[in-house]
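Working through the structure, step by step
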Amino acid sequence: NLSKAINQSIITLNRFVKNSATKTTGSPFIKYNLISNNVYNINVSIPIQDEIFITEHSDVLVGNTEVYSALKVILTGDLSHRQKAIKSANEYLIKNKIAADTEKSIVDIYKESSFTGKSPSQWKTEILIPVINTVYVAPKVANDSITLAP
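Calculation rules
- Residues numbered from 1 in each chain as written.
- Predicted model: local features only at pLDDT ≥ 70, side-chain atom pairs only at ≥ 80, totals over all residues.
- Heavy atoms only, no water.
- Phe/Tyr/Trp six-rings, centres within 6.5 Å; stacked < 30°, edge-to-face > 60°.
- Buried < 20%, exposed > 50% of the residue type's maximum accessible area, 1.4 Å probe, protein only.
- Lys NZ or Arg CZ within 6 Å of the ring centre and 35° of its normal.
- Core = buried A, V, L, I, M, F, W, Y, C linked by side-chain atoms within 4.5 Å.
- Helix = DSSP H or I, 4+ residues; strand = E, 2+ residues; numbered from the N terminus.
- Expected span 1.5 Å × (residues − 1).
- Contact = heavy atoms within 4.5 Å.
- Salt bridge = Lys/Arg side-chain N within 4 Å of Asp/Glu carboxyl O.
- pLDDT = per-residue confidence, 0-100.
- Arc of directions from axis to C-beta.

1. Re the packing of aromatic side chains
On inspection of all chains with the given rule, the structure shows one aromatic pair. Note on Tyr32 and Tyr40: the rings are 6.3 Å apart at their centroids and 90° apart in plane angle, and the pair reads as edge-to-face. When its relative accessible area of 41% is taken as the criterion, Tyr40 is described as partly exposed. Lying over the aromatic face of Tyr32, Arg82 brings its terminal NZ or CZ to 4.2 Å of the ring centre.

This is the structure we're talking about:
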């Protein structure tokens, strides 16, 4: 189950930053990298304040997240409604003649979740859909983040 794998990855990353005394700068996020026709590789990440160096065979990877323009959709409630939120966002883009940037990845930022002690009806997920037009600017997620190694 993808949801369980994501939750376990976030737990592992939280444990890593706690054990290494690494300061985080934001909420966990998921980056969906399109490989081909609805096949995705995902990165589960947590933004960190300072660059860190890790050993070659570490369970985590360190990298940067580029800043880009995006339409931000706020989903309230559990993630079972995510596809409906993305469909509504795509309809908004079409209606307003805003081009999605399919070269960039959709990002889900878990602002309020089970990790912040909230019940599913109170979860807030920011879904960032990359756009070509500079209409909405995505909040800076972080220059550095850590991700579980595949």
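After that view, the rundown keeps rolling.
2. Quick notes on the nonpolar core
Membership of the largest hydrophobic core is limited to eleven residues, which are Leu71, Val73, Leu75, Ala85, Ile86, Ala89, Leu93, Ile98, Ile127, Ile129 and Val131. At the level of elements, strand E4 (70-76), helix H2 (82-95) and strand E6 (124-130) are the ones that each hand at least two residues to this core. The leading source of residues in this core is H2, at four residues. Grouped together as the second largest cluster of nonpolar side chains are nine residues, Leu13, Tyr32, Ile46 and Tyr110 included.

3. Thoughts on H2
The terminal C-alpha atoms of H2, which comprises 14 residues, lie 20 Å apart, in line with the 20 Å expected from a rise of 1.5 Å per residue. Contacts made by the buried residues of H2 are with strand E1 (29-36), E4, strand E5 (106-112) and E6. Following H2 by one or two positions, Lys97 adopts a phi angle in the positive range, close to 55°.

4. So, the pattern of salt bridges
Following the criterion strictly, the structure yields four salt bridges and no others. When the shortest N-O distance is used, the salt bridge between Glu126 and Lys72 registers 3.8 Å. Within this pair, whereas Glu126 is found in strand E6, its partner Lys72 is found in strand E4, the two being separated by 54 residues in sequence. Residue Glu126 is classed as buried on the basis of its relative accessible area of 11%. We note a salt bridge from Arg82 to Asp108, for which the minimum N-O separation is 2.5 Å. Here Asp108 lies in strand E5 and Arg82 lies in helix H2, a separation of 26 residues in the sequence. Asp108 shares its class with Arg82; the two are buried. Linked through salt bridges whose partners overlap, the residues forming this network are Glu66, Asp101 and Lys104.

5. A word on the confidence of the model for the chain
Residues at a pLDDT of 70 or more form 88% of the chain, whose mean pLDDT is 83. Confidence, expressed as mean pLDDT per element, reaches its minimum in the chain at strand E7 (residues 145-148) with 50 and its maximum at E6 with 92.

6. Digging into helix H1 (residues 2-19)
Spanning 18 residues, H1 covers 26 Å between terminal C-alpha atoms, matching the ideal 26 Å at 1.5 Å per step. Among all positions of H1, only Ile6, Ser9, Ile10, Leu13 and Val17 are buried. Seen from one end, H1 has its buried residues packed into an arc of 100°, which puts them on one side. Looking at H1, the residues exposed on the side facing more than 90 degrees away from the buried face are Lys4, Lys18 and Asn19. Once H1 ends, the next one or two residues include Ala21, with phi positive near 55°.

7. Section: unusual backbone geometry
One non-glycine residue, Ala21, adopts positive backbone phi at about 55°. Mapping Ala21 onto the fold places it in the loop between H1 and E1. Taking relative accessible area as the criterion, Ala21 reaches 70% and is therefore assigned exposed. Phi is positive for Lys97, which is not a glycine, with a value near 55°. Looking at the secondary structure, you find Lys97 in the loop between H2 and E5. Look at Lys97 and you get exposed, because its relative accessible area is 73%.

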